[in-house]
Amino acid sequence: MSTEGHVQRTSGGPKEDHQDLHLIDEKMGKLKDGDTPRGAVQAPGPEKRSHERSGHSSPSTTLQEVESTPGPSKTVSSRPPARTRDFGVVPIPSARQYHPERPFHFTMILNIIFGFASTTTVANLYYCQPLLVDFAKAFQVSNDKVSTIPTITQAGYATGLLLITPLGDLVRRRPLLLIVLTLSTLLTMGVALSPNLLTLQILSFFLGVVTVTPQILIPFAGDLAPPERRASALSIVLSGLILGVIIARALGGIVADASGSWKNVYWIGMGLQASALGLLWWILPDWPSKVELLAATQSNQPDKKPLTYFTILSSMAKLAVTEPALIQGCIIGL
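Residues numbered from 1 in each chain as written. Predicted model: local features only at pLDDT ≥ 70, side-chain atom pairs only at ≥ 80, totals over all residues. Heavy atoms only, no water.

Q: Describe the packing of helix α9 (residues 173-192) against helix α10 (residues 197-210), with residues and values.
A: Axis separation between α9 and α10 bottoms out at 9 Å; the angle between their running directions is 160°. As judged from the angle between their axes, α9 and α10 are roughly antiparallel. For α9 against α10, the interelement crossing comes out left-handed. Listed contacts from α10 to V180, L183, S184, L187, T188, G190 and V191 of α9 are L200, L203, S204, F206, L207 and V210. Grouping the constituent residues of the contact of α9 with α10 by class yields nine nonpolar, four polar and no charged. (Axes fitted to C-alpha atoms, helices over the stretch in contact; angles between N-to-C directions. Helix = DSSP H or I, 4+ residues; strand = E, 2+ residues; numbered from the N terminus. Parallel < 35°, antiparallel > 145°, perpendicular 65-115°, else oblique. Left-handed = near helix turned anticlockwise from the far one by under 90°. Contact = heavy atoms within 4.5 Å. Nonpolar A, V, L, I, M, F, W, Y, C, P; charged D, E, K, R; others polar.)

So, in structure tokens, the structure goes:
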């Protein structure tokens, strides 16, 4: 029995024959264009891409194709990437690397180290206060000129709170904390080596800018701690901050009088910050940023605007005038 006869007996008419032949020609044309055997992976053609853009996928669509499909058709949320190195160079301890299937436990040791790091860094803002007379003698200037150092340091601190602290929502806080703590350690060493008053004033300003470690650690502790421990975790880190404010003034005066040099105060401060830096590198988890977590949960909502640096700054200005409880707390703090 010939093939033509079989086609004529099984077809329902000229119109259906024409449709069948058209489908056969279309399939043969695809095979000739790609020459890809059955079962092999081939790049999606224009028709497949149009189906993906319209939100329809073929039965043979793989999971990778669904994940890589842009727009509303994406149904599988992407997870924040796992990293093994900070800045591409510094290795991250394996126990501190982020794995979605292995949740990180907020321990009391980590909480205490957060408080210790807050103590050692916030002290940078207050070492200078009992040392003003020593500055005047060392640089042979009047007391009026050295009295500007605490003001300059606090001005740098306010600048860091405004410009650096919002980065905690945009980037991972582990590398951010390592950067600011490294800079504060180096700047503390620079203050101890200052040859004149102008250099001391400039370095004091930038030291204040990067002394924002406590303000990054406090919300970080709130994110890591379980709900039943969140209040106590925040109180420990905040207690470390307040302890640094108090102990820096006493330590500065005692060490300067006992050693005979104001520089030894900053050398000790540099050593304390270096030890805090080593502890944070060892124990700080590589937790995803809020931008990464939002992108993972809102991957199928393309209309959502991404969180940007200037969006955060504008939201801070908005909260300052629209939240009565926040305004009242700021007034009480002043």
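Q: Lay out the side chain of Q201 in plain terms, naming residues and giving numbers.
A: Within the fold, Q201 resides in helix α10. For Q201, a relative accessible area of 17% puts it in the buried group. Apart from residues no more than four positions distant in its own chain, Q201 is found in contact with K145, T148, I149 and I152. (Buried < 20%, exposed > 50% of the residue type's maximum accessible area, 1.4 Å probe, protein only.)

Q: I'd like to hear about the layout of surface pockets, residue by residue, with values.
A: Gaps between atoms show up when a probe of the same size as a water molecule is rolled over them. Taken as a whole, the second largest pocket spans an internal volume of roughly 330 Å³. Every residue along the wall of the second largest pocket is listed here: L161, T165, P166, G168, D169, R173, Q215, I216, P219, K290, I312 and M316. When contributions to the lining of the second largest pocket are tallied by element, the ones reaching two or more residues are α11 (213-224) and α15 (309-322). Sorting elements by how many residues they give to the lining of the second largest pocket places α11 first, with three residues. (1 Å grid on protein atoms, 1.4 Å probe; cavity = no way out; pocket = protein on both sides within 12 Å on 5 of 7 lines; lining within 4 Å. Points joined across faces, edges and corners; volume = space filled by probe spheres on them.)

Q: Explain a nonpolar patch on the surface to me, using residue names and the numbers behind them.
A: The grouping of F87, V89, V90, F116, I179, L183, L279, W281 and W282 at the surface amounts to a nonpolar patch, some 760 Å² of accessible area in total. Looking at the nonpolar patch, the elements with two or more residues in it are α9 and α13 (263-283). No other element matches α13, which puts three residues into the nonpolar patch. (Patch = residues over 30% accessible without salt bridge, like charges linked within 9 Å, V, L, I, M, F, W, Y side chains within 5 Å. Areas by Shrake-Rupley, 256 points an atom, 1.4 Å probe, with all protein chains shown as cover. Salt bridge = Lys/Arg side-chain N within 4 Å of Asp/Glu carboxyl O.)

Q: Help me get a handle on the nonpolar core, residues and values and all.
A: Ranked by internal contacts, the top residues of the largest apolar core, which has 29 residues, are L131, F135, I149, V191, L200, W262 and Y266. Looking at this core, the elements with two or more residues in it are α6 (132-139), α8 (148-163), α9, α10, α12 (230-259) and α13. Beyond its immediate stretch of four places on either side in the chain, L131 contacts G252, A256, W262, V265 and Y266. Counting 27 residues, the second-largest nonpolar core is a separate cluster that includes F114, V209, I216 and V237. (Core = buried A, V, L, I, M, F, W, Y, C linked by side-chain atoms within 4.5 Å.)

Q: Before we move on, can you summarise the confidence of the model for the chain with the specific residues and values?
A: Taken residue by residue, the chain gives an average pLDDT of 80. The fraction at 70 or more is 74%. Low pLDDT (under 50) marks residues 27-77, which in the prediction has 28 contacts with non-local residues, meaning those over four places away or in another chain. (pLDDT = per-residue confidence, 0-100.)

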